[in-house]
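Summary of structural features
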Amino acid sequence: MLLVTSTVARPHEARHRAEQLLKQGEQEMAIDRDAAIKSFEQSLDLARRTGDDASVSAILLKLSTAYLESREFNKSLVAAEEAIAAARQAGDRKQEAWALIHAGNALYSMGKFARALENFRAAVPLMRDVRDRLGEALALKDAGILCKYLRRYDEAFGLMNEALEIFRELNEGSGILSTLHNIGIGYAMLDADRLALEAYEEALKVARENNDRAGECHVLIRIGYLVRDRELGLEYLDQALALAEELKLYDLQVEVLNGMSDALAETGQLDRAIEAQKRALKINLRWNSRMAVELNGLGHLYLERDPALAARYFRRSLAAAREESDSPLVISPHYGLAEAYRRQGDLDLAIEHYQQAIDAIESIRTQLISDQHRATFSGQYQRIYTGLIEALMERHERDPEAGDDRRAFAILERAKARSLVEAIREARLDVGQELDEDLSRREKQLNARIAELQKRLIQSEVSAGERRELQQDLSQAEQEFERLQVESKMRNPHYAAFSYPGPLSIGEAQRLLDNRTAILAYLVTKESVVAFIITSSIFQTARLSVPAHIVRARVQNYVDLIDREDNDGWQEISRRLYAEFVAPIRKHLSSEVDRLVVIPDDALHYLAFETLIQDAESARSDPSRYLLEDFTISYAPSATVLTELVASASDAPTSERADMAVFADPAFAPALLVPDASPLPSNVARSLYAEEGLQVTRIPFSAAEARAIEQYAGRGSKIYTGAEASESRIKADQLDRFRVIHFATHGLISQQMPARSALVLAPGGDEDGFLQVREIYELKLKSDLVVLSACQTARGQLLAGDGVRGLAQSFFQAGVKSVVASLWDVNDERTALFMSSFYRHLADQKSKAEALRAAKIEMLRQGPTSSPRYWAAFILIGEANGRVSVGRTDWFGGWLPVCVPLSLIALIALFLIRRKIKSRQERGGRQVVG
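Since this is a predicted model, take the numbers as computed values, not measurements. (Residues numbered from 1 in each chain as written. Predicted model: local features only at pLDDT ≥ 70, side-chain atom pairs only at ≥ 80, totals over all residues. Heavy atoms only, no water.)

**Quick look at the sheet that holds strand 11 (residues 770-772)**
Overall, antiparallel pairing links the 3 strands, which are arranged 9-10-11 in an open sheet. Among the strands making up the open sheet, the edge pair consists of strand 9 (746-748) and strand 11. Averaged over neighbouring strand pairs, the angle between their axes works out to 25° when direction is ignored. Where strand 9 meets strand 10 (residues 758-760), 3 bridges bridge the pair, whose relative direction is antiparallel. Counted as the bridge partner of Gly747 is Leu759 from strand 10. (Pairing = 2+ DSSP bridges. Helix = DSSP H or I, 4+ residues; strand = E, 2+ residues; numbered from the N terminus. Axes fitted to C-alpha atoms, helices over the stretch in contact; angles between N-to-C directions.)

Written as structure tokens, this is what we have:
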């Protein structure tokens, strides 16, 4: 009996002692972590004797946390994995879910991001099953953070925003802070600085409200990284470093010092930058095995001083990144090695590492679904594509027969306008009808919400404070709309099997051309401009010795002088631009080439090549001859984009289509209008379009433009003016049936928020009157031509590699083949005359590009409009050689059914009249004779 009592009592005593040791360990955690670990280990040993798997799992989780905080990551992982097994043995799904999160945290700290993500994902459904909302939010947030590190941005934002909603519902300050902080990091990694700063500012507010000093330190670091003014950035980082040192947060000290090193290098303080980076590395060597970032930073700092030393740092960084299985981290050391080897004259090794960096970029890029994310992600790495092209061209100059020039062109096509060409291909997928009911409902609700916010923002009685709140609400709604678009793609089976077009080869580009056409593709690099010349029979390259900063300054100065009609100034620069960008290329063109397709880069997107004045040798007898007078010129974002547009043009339906839809002289919302005499942009326009100074005034000649075009508006055409020229009309009408769509209105081009760039139309119903880029995407057009007869509609946000993102490009994504748009502000009255001339030439069966050229030459040869300011603003982007059947071009076919009967009636009437006259004459004669 005593023996039995003793046997039964021992497990009870063990359990009691285990609980005591567990509590003791919890108390010791804040004072002596080593003592706490010892207590937890003793508690675990006793709990295992009792066979209580639930208790074992709970103690293992405490032990895993203690090991993690002591930076014993392997021990932390082992404890968490044992906790998972014990929880499953006990059938405790909640404990299992938390153990999965602990294992995920340990794996994350070890740099095993893919495995960590698996654990966080596995925890989410378990947390939902046991209805642990806090645990669910933490698992979602951590999974989102891992997706961010793996550069799967679309998934990351979806998961983190889902977590943020739950944290806000629970009023969980630390969760809100952490999620906002990581959302900000994600946007910063995509160069979406405005969105990142909004997230950081909200996070900083939450940190200070909750007196979370560590959280405040995190956010200060990120703001310091983000701020463009590097001196101001250093001030934020100084604040963060003081906090990190006070709190003994070594990881954050490393982050601060990394940021300081970057900022100091950018401000020319290289020695201090190296000192900060070495200090970060020293801390990391002591407290953390992950040091790929610090080694890579030192490599870049030594790149100019000592390329061989830099290469050693890059090789160590690359080894560390590979050891950590962090594929995104290999991009920068591969690029650094390429730059180091190139400086040492080893082009073969340089090209190899450039290519490996690009392979890593492309691997990540394929996982992105959002067009915007793909564009901004690629834009961050354009210097790598450019570096590879330059290295290939250097090797081509050493060995012209090796084919490196052709490979360079293929890399250029891979780098340029990728998101646009993918969006054009996507536009052919008819996915709109397949949206499920939930997505369709949410899309309508978001569209209505955005429209309502924008309508409120243009009301003059709204206070400044209300405007700020409305702006924040609008920004959140726009982000939610973008996430919805990503979700729609992810849930649509067509996208899963969808294959995007690869970059065009030289041979494919040449097959695109006839013997009259040449492609001129430019790449602006830091030191020079590389030009590729392609005709149906030749491929040539030229290196133009004009550095990027000179290109930008010269083009901007040129456009400014044209706008001021400073004849002496713009003509001098025009000749210089011709000598730099055209003359070295023209010698490669045969005399039969009279059409140029220009693929611009960087600031060259804003240069009207037609206006360039030829040198005396090229112009022969006329030293003031414009390039326009010898060539029909059109523009394209890339040769691959052009191929897609030409292919879509040839796929145009053969069924009966209407000629033209014209939207002109809209009845603008009264609150939007700025008085003509107002010298400054109105508060109303600024309230919606930030500080960009956009304003709306009446455009009286817009109606005259519509009347002038109307004579060429043949079968089935529609002319909408006043209240009829509305946003709701555009969305209600079947615009895909029109060959040409013409807008004669204001264009609002937002450089800061390209998705808000808009055509201003009449409001009505639920619509605010702003046909924005995000809405144009959804129109699903099949038009041969869209004409944007407004100011600066060819402009927008200029993204490295992706080119201009604005109104013109959005119409390509909607399915249009060609766009006529303007490079600068246009005169209302003269634009009406110009457009009348353009459509007259279209009606005379000229191609789109030829009709535009003919209209320009007409104005050029008229005295009052001979300045390029009046005739050169409008350019043709996209497919150029197609003819658009409008007005008189369809006169015979369109009027034949009417004309034949009318002619017969007229002939019969004429016959009867003559017979009657003759009868009267005969009767009269007889009377005379009789």
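What follows continues from the structure just given.
**Some points on helix 13 (residues 250-266)**
With 17 residues, helix 13 should reach 24 Å at 1.5 Å per residue; the first-to-last C-alpha distance of 25 Å fits that figure. Of the residues making up helix 13, those classed as buried are Leu252, Gln253, Val254, Val256, Leu257, Asn258, Gly259, Met260, Ser261, Ala263 and Leu264. Where the residues of helix 13 are buried, they touch helix 11 (213-226), helix 12 (230-246), helix 14 (270-287) and helix 15 (292-302). Residue Gly268 follows helix 13 closely and has a positive phi angle near 80°. (Expected span 1.5 Å × (residues − 1). Buried < 20%, exposed > 50% of the residue type's maximum accessible area, 1.4 Å probe, protein only. Contact = heavy atoms within 4.5 Å.)

**Examining the packing of helix 9 (residues 173-189) against helix 11**
Their axes nearest at 11 Å, the elements helix 9 and helix 11 cross at an angle of 15°. Classed by the angle they form, the pair helix 9 and helix 11 counts as roughly parallel. For the pair helix 9 and helix 11, the crossing hand works out as left-handed. Contacts between helix 9 and helix 11 pair Leu177, His181, Ile185 and Ala188 from the former with Gly215, His218, Val219, Arg222 and Leu226 from the latter. (Parallel < 35°, antiparallel > 145°, perpendicular 65-115°, else oblique. Left-handed = near helix turned anticlockwise from the far one by under 90°.)

**Focus on the nonpolar core**
In terms of nonpolar packing, the biggest core is built from 161 residues, with Ile384, Phe409 and Phe532 touching the most fellow members. Ile709, Ile776, Ile857 and Ala873 belong to the second largest nonpolar core, which has 117 residues in total. (Core = buried A, V, L, I, M, F, W, Y, C linked by side-chain atoms within 4.5 Å.)

**Side note on helix 8 (residues 153-170)**
Here helix 8 is 18 residues long and its end C-alpha atoms lie 25 Å apart, about the 26 Å a rise of 1.5 Å per residue gives. Within helix 8 the residues assigned to the buried category are Tyr153, Asp154, Ala156, Phe157, Leu159, Met160, Asn161, Ala163, Leu164, Ile166 and Phe167. Where the residues of helix 8 are buried, they touch helix 6 (113-129), helix 7 (133-149), helix 9, helix 19 (371-380) and helix 24 (464-490). After helix 8 finishes, the residue Asn171 shows a positive phi value of roughly 55°.

**Focus on the environment of Glu294**
Inspection of the secondary structure assignment puts Glu294 in helix 15. In this structure Glu294 comes out as buried when scored by relative accessible area, which is 4%. As a C-alpha pair, Glu294 and Tyr313 span 19 residues in sequence and 9.2 Å in three-dimensional space. Within the structure, Glu294 has its side chain in polar contact with the side chain of Asn284 (distance 2.8 Å). (Polar contact = N/O pair within 3.5 Å; in protein donor to acceptor, adjacent residues only side chain to side chain.)

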